[in-house]
Amino acid sequence: MSTTLLFKTNSKTNHTNNRNKESSCAYVLIVTAVYWVSEAVPLGAAALVPAFLYPLFGVLKSSEVASEYFKDTTLLLMGVICLAASIEKWNLHKRIALRMVMIAGAKPGMLVLGFMCCTVFLSMWLSNTSTTAMVMPIAEAVLQQLIYTGIADSHDDSDTVETQEDESGNKTPIDMPVPKKPKIRRDSLYPTKRDHMICKCLSLSITYAATIGGLITITGTSTNLIFAEQFNNRYPEAKVINFGTWFIFSLPIALIMLVLTWIWLHCLFLGCNFRETCSWSKKRKTKREILSEKRIHEEYQKLGPISYPEVVTGVFFILMTLLWFTREPGFVPGWTSLFEKKGYRTDATVSVLLGFLLFLIPARKPWPSEDPLAPMITWKDFLRLMPWEIVILVGGGYALAAGCKVSGLSMWIGRQLEPMSGLPPWAVTLLACLLVSAVTEFASNPATLTVFLPILSALSETLQINPLHTLIPATMCVSFGVMLPVGNPPNAIVFSYGHVQISDMVKAGFGVNLIGVLVVMLAITTWGVPLFQLTEFPAWAVMRNVTGSL
């Protein structure tokens, strides 16, 4: 009798302790989420809330919380930032951008497409914000050339002239005034309404292209890194998310979105006459197009011949990509199979190794001179680009996820979502995408994803759906906060140039948001199914579900 009573007392005490842990964890989650959404304090500072509240409430030990703030993805990001610092320091990004625009030409439609392509490519490796901040000044120089030449040429804008070439095949030089950026912009500054539409179209295309490019690689944006680390942390037995599988899944999404977004912006601002704005004919051009091309060529000539540091940076860029792809490609053994011990080497190993070498390799050829040799990058170059706020923010997300797991809150949330079990997987994913893309318009992308990932994971486990079916689309859709200047930093950068109004961003951004959600849904229900085996509830998710319920 006494043994039974003692057992019941202990069970009641454990149940009460579990309830206290769940409520304490929920309180910490809500407080942190409120700080993130309201931005009453900096995002990085708000991410430190679990570091002191979890130990105070007895959810996690201080040492356990601290270990969540520095993970494998932090090292991955540090290595990528080293390469990005070298790219920006030696102007390799500017050379790539100008060369791609020179190939596209000065016709408005092709000019927009050229800028979008180079922005997408750069945003795969640099942060979306850095890419936009780098490309916009180049685009602004071209736009200002359009504006200033249009003032003198507005009456015969449709007239074309034959481009004259000398014996060597070069175009004859044309005198061109150097434009200055006006301090205040009004509609009257634009010679014609069409000029204003071109400025709007090109400006918005850059921020949208930066968002699209960030989707392609696992390091392209901070939200991708947050997903990768939280997923690997929650499901350690799932060896399905790496640089290669993410790239194979997301590249078609980005290409389809790039084309559809370009068509949408073209129809919205430039009309539907693609033949007029996208001709590649070099025989007949307007005076304005000649001057715009000359402006781009002059900017490219200022860079001079390709330098030794640019070559080294380019080699490292290609080498890092190849090593990422061939680590564990899946269909053939990767280079990690050459080592005896398995599972020790990740994408972070590659990026940190190559990033470290950039501090050792000299920035010029060592043999012509005996002067002291400076390295490719310095620690100051690294610190200038390293987003420590994002690192702490990601760490705060890991800490919240760990607290939800230990306290049992994630299982409790999953039980509350059981009424949704009657919905098909695609409907659950669509609801998640729409909800996330709506919230991220008003809250920061990393904060939104950090809050939603544990909830969607618990929902997937409860409904017996492959967690990747909801987590990957939600991760991609959280980047589609493109309707307002506050949606993400690239939007704010483009808005600050004054060519677009909020109504323009809302109208264009709504279309881009819709395109993004539809393309992501198409991907997750077609080529995503065989790539991630989405038709079955995987063993690694079953193990997590059983372990969490014990």
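Conventions used here
- Residues numbered from 1 in each chain as written.
- Predicted model: local features only at pLDDT ≥ 70, side-chain atom pairs only at ≥ 80, totals over all residues.
- Heavy atoms only, no water.
- Helix = DSSP H or I, 4+ residues; strand = E, 2+ residues; numbered from the N terminus.
- Buried < 20%, exposed > 50% of the residue type's maximum accessible area, 1.4 Å probe, protein only.
- Contact = heavy atoms within 4.5 Å.
- Areas by Shrake-Rupley, 256 points an atom, 1.4 Å probe, with all protein chains shown as cover.
- 1 Å grid on protein atoms, 1.4 Å probe; cavity = no way out; pocket = protein on both sides within 12 Å on 5 of 7 lines; lining within 4 Å.
- Points joined across faces, edges and corners; volume = space filled by probe spheres on them.
- Nonpolar A, V, L, I, M, F, W, Y, C, P; charged D, E, K, R; others polar.
- Disulfide = S-S within 2.5 Å.
- Core = buried A, V, L, I, M, F, W, Y, C linked by side-chain atoms within 4.5 Å.
- Salt bridge = Lys/Arg side-chain N within 4 Å of Asp/Glu carboxyl O.

1. Overview of the overall build of the protein chain
On a plain count of helices and strands, the protein chain comes out with 25 helices and two strands. Out of the 550 residues in the protein chain, the part that is buried amounts to 54%. In the protein chain, of all internal contacts separated by at least 6 residues, the share reaching a separation of at least 24 is 81%. Counting every atom, the protein chain has about 25,400 Å² of accessible surface; 65% of that belongs to carbon and sulfur.

2. Let's talk about the layout of surface pockets
Empty space within the largest pocket amounts to approximately 790 Å³. Along its surface, the largest pocket is lined by 36 residues, and Ser 127, Thr 129, Ser 222, Ile 390 and Pro 489 are the ones closest to its centre. Elements with a contribution of two residues or more to the lining of the largest pocket: helix 5 (72-89), helix 8 (128-153), helix 10 (222-234), helix 16 (379-385), helix 17 (388-407), helix 20 (445-463) and helix 22 (489-496). Tallied by class, the residues present in the lining of the largest pocket amount to 17 nonpolar, 15 polar and four charged. Taken together, 28 residues form the lining of the second largest pocket, with Asn 232, Lys 239, Ile 241, Arg 327 and Thr 346 sitting closest to its centre. Going through the elements one at a time, helix 5, helix 10 and helix 15 (347-358) are the ones with two or more residues in the lining of the second largest pocket. Take the lining of the second largest pocket: its biggest share by element is four residues, from helix 10. Counted by class, the lining of the second largest pocket contains 12 nonpolar, nine polar and seven charged residues.

3. Concerning the state of the cysteines
By definition, a disulfide is the covalent link that joins the sulfur atoms of two cysteine residues. Applying the stated criterion to the full structure yields zero disulfides. Of the cysteine sulfurs around Cys 117, a residue in no disulfide, the closest is that of Cys 118, at 7.8 Å.

4. A few points about the nonpolar core
By size, the foremost hydrophobic cluster in this structure holds 128 residues, and its most contacted members are Phe 115, Phe 227, Phe 231, Ile 241 and Leu 468. Discounting residues that sit within four places of it in the chain, Leu 468 has contacts with Phe 227, Phe 231, Val 240, Ile 241, Pro 473, Ile 524, Phe 532, Leu 534 and Trp 540.

5. Here's the deal with the pattern of salt bridges
Under the criterion given, the structure shown has four salt bridges. Glu 310 is the partner of Arg 95 in a salt bridge, and the nearest nitrogen-oxygen pair spans 2.6 Å. Separated by 215 residues along the polypeptide, Arg 95 in helix 6 (residues 92-104) and Glu 310 in helix 14 (residues 308-327) bring together distant segments of the chain. Classification of Arg 95 by relative accessible area gives buried; the value is 9%. Judged by relative accessible area, which is 5%, Glu 310 ranks as buried. Residue Glu 461 is joined to Arg 234 by a salt bridge in which the shortest nitrogen-to-oxygen separation is 3.0 Å. On the criterion of sequence distance, the pair formed by Glu 461 in helix 20 and Arg 234 in helix 10 is long-range, its members being 227 residues apart. Relative accessible area serves as the criterion here: at 1%, Glu 461 is assigned to the buried category.

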